[in-house]
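Observations on the three-dimensional arrangement
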Amino acid sequence: MEIINVRDLDVGYGGTVVLRGMNFSIAQGRITAIIGASGSGKSTLLKTMIGLLPPLAGEIRLAGERIEFDSERCLGRLFRRIGVLYQNSALLGALTLYENVALPIRMHHPERPRSEERAAVRTMLDRVGLRDCEDKYPFELSGGMRKRAALARAMILKPELIFCDEPSAGLDPITSAGLDELLLELRTGHGVTFIVVTHELRSIARIADRVLVLRDGRIYHEGDCADILRSDDPYLREFFLRKTDHDH
Amino acid sequence: MRPLEDIRRFFALLADEIYYVGQYLRRRRSVLPGEIVHQLYAMGYRSFPIIGLITFLIGITISLTSAAQLKMFGADIYLADLIGIAMINELVPLMAGIMLAGKIGASITAEIAAMKVTEELDALKTMGIVPEKFLMVPRLVAITLVVPLLVALADFVGIIGGVLVARFSLGTPVPVFVREVLAAVTLRDFLIGLGKTMVFGWAVVIAAGYKGFFMDRGPEGVGKATTESVVLSIALIIGLDCVFAFVLY
Ligand SMILES: Nc1ncnc2c1ncn2[C@@H]1O[C@H](COP(=O)(O)OP(=O)(O)OP(=O)(O)O)[C@@H](O)[C@H]1O
Ligand SMILES: [Mg+2]
């Protein structure tokens, strides 16, 4: 089953098109990796898919329903189904880690008892290994810790779709592997769909079911992860070989 | 037409905020509990000392300059009327408004603009939280509660300035001066001063939010937005003050 369908989509800012003529779909309960060189438009595509940046042309359908970017109600429905991990975490600096993770609960389920909220937040913080830092403010954390906290926030309301912009950038290999396991567990155990922007070949190989490669303002390649890793397309080989060289 | 578009966006934000505050007063949702108290404290803490000091000094300055003139005509006692009316109707609202622009408006713009740079505003949106409501309603409710206290404090210390000058420069006994102030100043004067300050306070917070939410992207935009917010607020205050003068007198 396809949860997202993209047709003839152009994305960009104002007059400048960053990516054009995109057609692809995202399968439900799968992890799709979006890869491409820096500046190829990965974050821009993500921004459009999460309803923040109206497309310049084309359409996106979420579970068959066209996303209307000028309808607050339609965007509200989209926001209720998704969680987003931003490239630079975007935790609220004025709130502690606990409050950041609890925020979606407090705003959308204010009637939920505090004890229940506490249990949910602590479970989530445990999962990302941040239980001991719940009273810290974001500026007191390292970049990787902020990432994990932001992931906890994105998951707290158990959305069916989670978008991650470089979840493992800046993480050590062990933490990064732990994060990948978490994603896999959510996918397999809870049927969550992930769309993950990433540069890490190891992570792609570990978690991705599908891969979308962006290059020169369009989709260069789309396919199953295994096929892409075995592909003898020169660009893909170069991309992955460089990456692996870089990793060692 | 950029200027027209800017004006449209400003009034659209104002209208939205009035709606959001009304909505919040009916159903206490979409705002973090405790945030209003936090804002009240921050605003009071930031503005009371400086506004108290400024109005006290202005009270003394105006009194000294006027006392010299009044003395020539033997009209010493009218210093009380002059100070009472001038402070309460005009100087306190104007000075309080300008100080609010510098202290509170600037910090609101800096905060919101920084949140835009770090994608915190985007994060709020995709969590289904409306930033214009979540961030602005507590600040607007707080400014509404802070202004009356601020005006009472500023009126009081401004007149104290007059009392001191009258006592030590003109030799008017304190009770006589106070009685004269109370006779000259009506409740209406106080309410006009309060109403004006309230309008200025709202103008400051809305202008601050406007400059924060609509700043150009990029970290260097934060400083620019903050400066522009203060300039816009002060221009609005002076313009509105002029409108008040036409309407009221
Ligand atoms: N707010 C913006 N306004 C105008 N152009 C932008 C904006 N943000 C990004 N761009 C441009 O869009 C293009 C794609 O940027 P994007 O951030 O999507 O790249 P990316 O693939 O996420 O890169 P990275 O891997 O470095 O995060 C770049 O050429 C960039 O200059
Ligand atoms: Mg990016």
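The sections below set out a description of the structure shown in this document. What you are looking at is a predicted structure, and each value in this text was computed from that prediction instead of being measured.

Overview of helix α3 (residues 97-108) of chain A
Across the 12 residues that make up α3(A), a large majority, 10, are buried. Within α3(A), the full set of buried residues consists of A:L97, A:Y98, A:N100, A:V101, A:A102, A:L103, A:P104, A:I105, A:R106 and A:M107. Each element contacted by the buried residues of α3(A) is listed here: α4 (114-127) and α5 (143-155) of chain A together with α4 (120-126) and α5 (131-134) of chain B.

Some details on the site of ligand 1
The full set close to ligand 1 counts 14 residues, and A:S38, A:G39, A:K42, A:S43 and A:T44 are the nearest of them. What surrounds ligand 1 is not a single chain but chains A and B. A:S40 places a polar main-chain atom, nitrogen or oxygen, 3.3 Å from an oxygen atom of ligand 1. Separating an oxygen atom of ligand 1 from a side-chain N or O atom of A:S43 is a distance of 2.7 Å. In the complex, the protein chains occlude 62% of the 640 Å² of accessible area that ligand 1 would expose alone. The greatest single-element share of the shell around ligand 1, amounting to three residues, is contributed by helix α1 (residues 42-49) of chain A. Classifying every residue of the shell around ligand 1 by side-chain character gives three nonpolar, eight polar and three charged.

Focus: the packing of aromatic side chains
Applying the stated rule across the entire model yields eight aromatic pairs over all chains. Between A:Y220 and A:Y235, the ring centres sit 5.2 Å apart and the planes meet at 70 degrees, which makes this aromatic pair edge-to-face. Remark: A:Y235 occurs in helix α9 (residues 234-247) and A:Y220 occurs in strand β10 (residues 218-224); sequence separation between them is 15 residues. For A:Y235, a relative accessible area of 15% translates into the label buried. Between the aromatic rings of B:F10 and B:Y210, the centroid separation amounts to 5.4 Å while the plane-to-plane angle is 75 degrees, which identifies the pairing as edge-to-face. With B:F10 in helix α1 (residues 2-26) and B:Y210 in helix α8 (residues 187-213), the pair connects residues that are 200 residues apart, well separated along the chain. The same class applies to B:F10 and to B:Y210, which are both buried. An aromatic cluster is present here, built from B:F10, B:F11, B:Y210 and B:F214 joined pairwise through their rings. The ring of B:F168 carries the charged tip of B:R167 above its face, separated from the ring centre by 5.6 Å.

As for the sheet that holds strand β5 (residues 65-66) of chain A
Residues and elements named next belong to chain A. Strands sit in the order β2-β1-β4-β5 across an open sheet of four strands; the sheet is antiparallel. Edge positions in the open sheet fall to β2 (16-27) and β5, since each of these has one partner strand only. As paired elements, strand β1 (residues 2-13) and strand β4 (residues 57-62) share five bridges and run antiparallel to each other. Directly across from V6, in β4, lies its bridge partner I60. Against the sheet, α1 touches β1, β2 and β4, its axis set at about 120 degrees to β1.

Observations regarding the interface of chain B and chain A
In this complex, chain B contributes 17 residues to the contact, which on the side of chain A involves 20 residues. In total, chain B and chain A occlude about 1700 Å² of area from one another, counting both sides; carbon and sulfur atoms represent 67% of this. Among the residues chain B hides against chain A, the three largest losses belong to B:E119, B:T126 and B:M127. Together they make up 34% of the total. Taken together, chain B and chain A are joined by zero salt bridges. At six residues, the largest contribution of residues to the side of chain B that touches chain A is made by α4(B).

Brief notes about the sheet that holds strand β9 (residues 210-215) of chain A
Residues and elements named next belong to chain A. Strand order across the open sheet formed by six strands is β6-β7-β8-β3-β9-β10, with mixed pairing between neighbours. The open sheet is flanked by β6 (82-85) and β10, the only strands paired with a single partner. Adjacent strand axes in the sheet meet at a mean angle of 15 degrees, parallel and antiparallel pairs treated alike. Lying over the sheet, helix α2 (residues 72-81) contacts β6 and β7 (161-165), oriented at roughly 70 degrees with respect to β6. On top of the sheet, helix α6 (residues 173-190) reaches β3 (31-36) and β8 (193-197); it is set at about 150 degrees to β8, its chief contact.

Conventions and cut-offs
Residues numbered from 1 in each chain as written. Chains lettered and ligands numbered in written order. Predicted model: local features only at pLDDT ≥ 70, side-chain atom pairs only at ≥ 80, totals over all residues. Heavy atoms only, no water. Buried < 20%, exposed > 50% of the residue type's maximum accessible area, 1.4 Å probe, protein only. Helix = DSSP H or I, 4+ residues; strand = E, 2+ residues; numbered from the N terminus. Contact = heavy atoms within 4.5 Å. Near = heavy atom within 4 Å. Polar contact = N/O pair within 3.5 Å; in protein donor to acceptor, adjacent residues only side chain to side chain. Areas by Shrake-Rupley, 256 points an atom, 1.4 Å probe, with all protein chains shown as cover. Nonpolar A, V, L, I, M, F, W, Y, C, P; charged D, E, K, R; others polar. Phe/Tyr/Trp six-rings, centres within 6.5 Å; stacked < 30°, edge-to-face > 60°. Lys NZ or Arg CZ within 6 Å of the ring centre and 35° of its normal. Pairing = 2+ DSSP bridges. Axes fitted to C-alpha atoms, helices over the stretch in contact; angles between N-to-C directions. Buried area = accessible area lost by both parts, 1.4 Å probe. Salt bridge = Lys/Arg side-chain N within 4 Å of Asp/Glu carboxyl O.

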